[in-house]
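# Tertiary structure, described
Here's the letter readout for the chains.
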Amino acid sequence: MSLAEIRSEIETAEAAAGRPPGTTTLVAVAKLQPVERVRQVLEQGHRDFGENRIHEAQRKWPNLRNEFPDVRLHLLGPLQSNKVGAAMELFDVVHSLDRVRIARKIARLADASGRCPGLLVQVNTGEERQKSGVQPSQLDAFLDELKPLDLPITGLMCIPPMNDEAALHFGLLAALAERHGLSDLSMGMSADFASAVRLGATFVRVGTAVFGKRDYSLR
Ligand SMILES: *Cc1c(COP(=O)(O)O)cnc(C)c1O
């Protein structure tokens, strides 16, 4: 799909849900895409990009950022303790916070540096054993533990199980966010972003539909 087609589907879904236009941010997921492909999307004026791995982002983005300084980078993949500093230098928004220990480290480094990325808590809405994210039943306790750290936590993120009806997970995530007064919802990918927008997504994370197939040899 072209960027214009994706944006237009997002606008249609916003309107269908009675939401104001432009309240969803399209995060173009650039993982495993060649730099030239990413540059084309930058040249079309797009500025929000997502990556899964810090190492890959460190290879790709410092140069592109020199050319396009107003880029906003979103970390979508797991964050390990030894990479927190590197992630905070590179990323504007982290969608995958799910451990108190990592939150503490972010808070420490934010105090020292005076800057902190926006943070979303990943929720394992499908309660899948192999998947990252806080269990829905643990979310209250998790957010309570984070409160004293005074971090800029703005919302929740989920990656629904492969074979489930995604909308059920989007609805659950929206309900959890509302209960906690969190305004951001990061949900919806290439196959289901319109449904996510109808259910309130403020960030959709779209890779394949923006760029085409990923090139796994780039890993
Ligand atoms: C890769 C990825 C996406 C994008 O997936 P597509 O199906 O290519 O749109 C979205 N979110 C996360 C967390 C991802 O890892």
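Residues numbered from 1 in each chain as written. Predicted model: local features only at pLDDT ≥ 70, side-chain atom pairs only at ≥ 80, totals over all residues. Heavy atoms only, no water.

## Remarks on the site of the ligand
All residues adjacent to the ligand are Val29, Lys31, Asn52, Leu76, Ile159, Met189, Ser190, Arg205, Val206, Gly207, Thr208 and Arg214. A distance of 2.9 Å is found between a nitrogen atom of the ligand and a side-chain nitrogen or oxygen belonging to arginine 205. Contact with the protein chains removes 89% of the 390 Å² of surface that the ligand exposes when unbound. The residue inventory of the shell around the ligand, partitioned by class, reads 5 nonpolar, 4 polar and 3 charged. (Near = heavy atom within 4 Å. Polar contact = N/O pair within 3.5 Å; in protein donor to acceptor, adjacent residues only side chain to side chain. Areas by Shrake-Rupley, 256 points an atom, 1.4 Å probe, with all protein chains shown as cover. Nonpolar A, V, L, I, M, F, W, Y, C, P; charged D, E, K, R; others polar.)

## Thoughts on the pairing of strand S6 (residues 153–157)
Counting buried residues along S6, 4 of its 5 residues qualify, which places the element largely inside the surrounding structure. In this fold, strand S5 (residues 118–122) hands off to helix H6 (residues 139–146), which returns the chain to S6; that crossover is right-handed. Where S6 meets strand S7 (residues 184–186), 3 bridges bridge the pair, whose relative direction is parallel. Across the sheet, leucine 156 pairs through a bridge with leucine 185, a residue of S7. Regarding topology, helix H7 (residues 166–179) serves as the crossover connection from S6 to the parallel S7, and that connection is right-handed. (Buried < 20%, exposed > 50% of the residue type's maximum accessible area, 1.4 Å probe, protein only. Helix = DSSP H or I, 4+ residues; strand = E, 2+ residues; numbered from the N terminus. Right-handed = clockwise from strand over helix to strand, strands pointing away. Pairing = 2+ DSSP bridges.)

## Some points on unusual backbone geometry
Despite not being glycine, leucine 32 has its phi angle at roughly 55 degrees, a positive value. Within the element layout of this structure, leucine 32 appears in the loop between strand S1 (25–29) and helix H2 (35–43). Even without glycine at this site, glutamate 127 takes up a positive phi of about 45 degrees. Looking at the element boundaries, glutamate 127 is found in the loop between S5 and H6.

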